[in-house]
Amino acid sequence: MSVSAIAIVRLEEKHLAAAQVLSTAVNWPHRRQDWSFALKLGRGLAAMDRDSLVGTIIWWPFGQHYARFGMLIVSPSMQRRGLGRLLMEAALRDAGDRTMLLNATMEGLPLYEKFGYKPIGAVRQHQAANAVPASAPLPEGASFKSMQETDLDAVIALDEQAAGFRRAELLRALKKIGEGLILEQGGEIAAWSFLRRFGHGYVIGPVGAGGEMAARALIARWISGNGSEFRRIDVPLSSGLSPWLEDQGLGRAGEVVAMALGEPPVPLATGPRLFALANQGLG
Ligand SMILES: CC(C)(COP(=O)(O)OP(=O)(O)OC[C@H]1O[C@@H](n2cnc3c(N)ncnc32)[C@H](O)[C@@H]1OP(=O)(O)O)[C@@H](O)C(=O)NCCC(=O)NCCS
């Protein structure tokens with residue numbers, strides 16, 4: 001196969017059964033529904049060798065200034081022939097002059113470095129095969145509350161302070177397919193979190209909070225409740241949560257490098273922080 005025989009076309013719902021075969025081939029856990037969720041929120045490109053899907057990428061716009069991309073996969077038998085580069089170039093053309101963010105696997109790192117992406121952090125994945133009995137003390141005067149539609153505007157505003165850019169569409173979509181849990185303190189939202197089905201079971205995130213204690217309290221609730229299945233959480237190394245998660249029985253399952261091409265977003269210095277991602281791709 002020569003790369004000139006490959007066509008780059010828009011990734012559509014009709015490609016997703018084949019896309020799921022691709023992600024399984026590189027040992028990613030995404031279900032068909034996870035692909036569909038990711039694609040509906042963003043714009044995908046497919047590398048086609050005649051009728052066969054041999055590569056994918058999805059990028060998600062966050063306003064005019066930022067975008068994130070993920071789901072970059074090249075079929076194992078077609079790797080190291082320039083297809084990853086081709087897909088990335090097409091996504092960068094689509095995304096215009098937005099700062100591009102991504103979480104890089106060790107396999108993707110050399111390619112991203114060649115494009116000039118710079119490391120801005122690290123993300124560690126923790127997981128457990130079953131629910132584990134976890135608990136964490138609540139900050140004084142705080143109480144749990146199930147997140148309602150009416151809470152979303154406030155959650156979106158806090159998340160924007162923590163992320164440094166607005167993620168309204170993502171958070172609204174996560175609430176639709178999953179559940180949200182808030183920690184209230186003195187009538188204000190002190191911390192927020194989401195849980196949804198993903199991959200082998202459930203994924204916890206994003207989680208945002210004013211402090212680590214509030215973040216732990218929410219995460220402990222999700223770890224120990226909501227069915228006995230597999231759960232996973234992706235936390236920035238800078239969150240400091242990694243050793244605590246291990247103590248709770250969520251072992252380390254891998255690490256990726258957070259990277260940016262262009263000026264990275266700047267979270268509000270005095271605002272809340274993000275303690276967990278939606279997942280590695282979506283950030
Ligand atoms: C990462 C991935 C998409 C790269 O796709 P690919 O088609 O093999 O990449 P390319 O052939 O376009 O390589 C692009 C450049 O990176 C370099 N490169 C790619 N893989 C490399 C590796 N493992 N080590 C060193 N350099 C590498 C190539 O030399 C090439 O450089 P050049 O264009 O200057 O010659 C592919 O390995 C893959 O699907 N991996 C599994 C899924 C994954 O981890 N995706 C990344 C998620 S962040």
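The residue numbering used here restarts from 1 in each chain and proceeds along that chain's sequence as written. Totals for whole chains, interfaces and linings use every residue, but because this is a predicted model, local features are given only for residues with pLDDT of at least 70 and side-chain atom pairs only at 80 or more, for both listing and counting. Hydrogens and waters are ignored; side-chain quantities use all the structure's heavy atoms.

A. Structural detail: the site of the ligand. Neighbouring residues of the ligand: 21 residues in total, closest Arg80, Gly82, Arg85, Thr105 and Lys114. For the purposes of these results, a polar contact is taken to be a pair of N or O atoms within 3.5 Å, where, inside protein, one atom must be able to donate a hydrogen and its partner to accept one; residues adjacent in sequence count only when each atom of the pair is a side-chain atom. Contacts to the ligand include Arg80, whose backbone N or O atom sits 2.7 Å from an oxygen atom. Within the residue set of the shell around the ligand, elements represented by two or more residues are β4 (66–74), α3 (83–95), β5 (99–104) and α4 (109–115). No other element matches the 4 residues that α4 contributes to the shell around the ligand. Here the residues of the shell around the ligand are counted per class, giving 10 nonpolar, 6 polar and 5 charged. One heavy atom within 4 Å of a molecule or strand is enough for the residue carrying it to be called near that molecule or strand. Secondary structure follows DSSP: runs of H or I at least 4 residues long count as helices, runs of E at least 2 residues long count as strands, and numbering of each begins at the N terminus. The residue classification treats Ala, Val, Leu, Ile, Met, Phe, Trp, Tyr, Cys and Pro as nonpolar and Asp, Glu, Lys and Arg as charged. All others, Gly included, are polar.

B. Representation of the UniProt feature "domain: N-acetyltransferase" (unreviewed entry) in the protein. UniProt positions are given in the numbering used here, feature names are shortened, and annotations may be inferred rather than shown by experiment. In this numbering, the UniProt entry assigns the feature "domain: N-acetyltransferase" (unreviewed entry) to residues 6–139. Secondary structure content for residues 6–139 is 30% helix and 36% strand, and the end C-alpha separation is 56 Å.

C. Region of interest: the pattern of salt bridges. By salt bridge we mean one thing: a side-chain nitrogen of Lys or Arg within 4 Å of a carboxyl oxygen of Asp or Glu. This model, assessed by the stated rule, comprises 14 salt bridges. Close ionic contact of Arg31 with Asp34 constitutes a salt bridge, the shortest N to O distance being 2.9 Å. Of the charged contacts in the structure, one is a salt bridge between Glu89 and Arg85, with a shortest N-O distance of 3.6 Å. Within this pair, Glu89 and its partner Arg85 are both found in helix α3, separated by 4 residues, close to a single helical turn. Through salt bridges that share partners, Lys145, Asp151 and Glu184 make up one connected network.

D. Here's a closer look at the domain arrangement of the protein. As assigned here, the protein comprises domain 1 (3–97) and domain 2 (125–254 + 264–276). The split into domains, and so the bounds of each, comes from an automatic or database assignment of domains. Taken over C-alpha atoms, the centre of domain 1 sits 28 Å from the centre of domain 2. Any two residues whose heavy atoms approach within 4.5 Å at even a single point are treated as in contact. Counting residues at the interface gives 8 residues for domain 1, matched by 17 residues for domain 2. For the domain 1 and domain 2 pair, buried surface summed over both sides reaches about 1100 Å², with 73% attributable to carbon and sulfur atoms. The largest share of the area that domain 1 buries against domain 2 comes from Phe37, Phe62 and Tyr66, three residues that together contribute 47% of it. Remark: the boundary between domain 1 and domain 2 carries 0 salt bridges. Scanning the region where domain 1 abuts domain 2 turns up 2 residue pairs in polar contact (both at pLDDT 80 or more). The biggest single contributor to the side of domain 1 that touches domain 2 is helix α2 (residues 32–41), with 3 residues. Of the residues contributing to the side of domain 1 that touches domain 2, the split by class is 5 nonpolar, 1 polar and 2 charged. Summed over both partners, the accessible surface that disappears when two parts come together, traced with a 1.4 Å probe, is what is meant by buried area.

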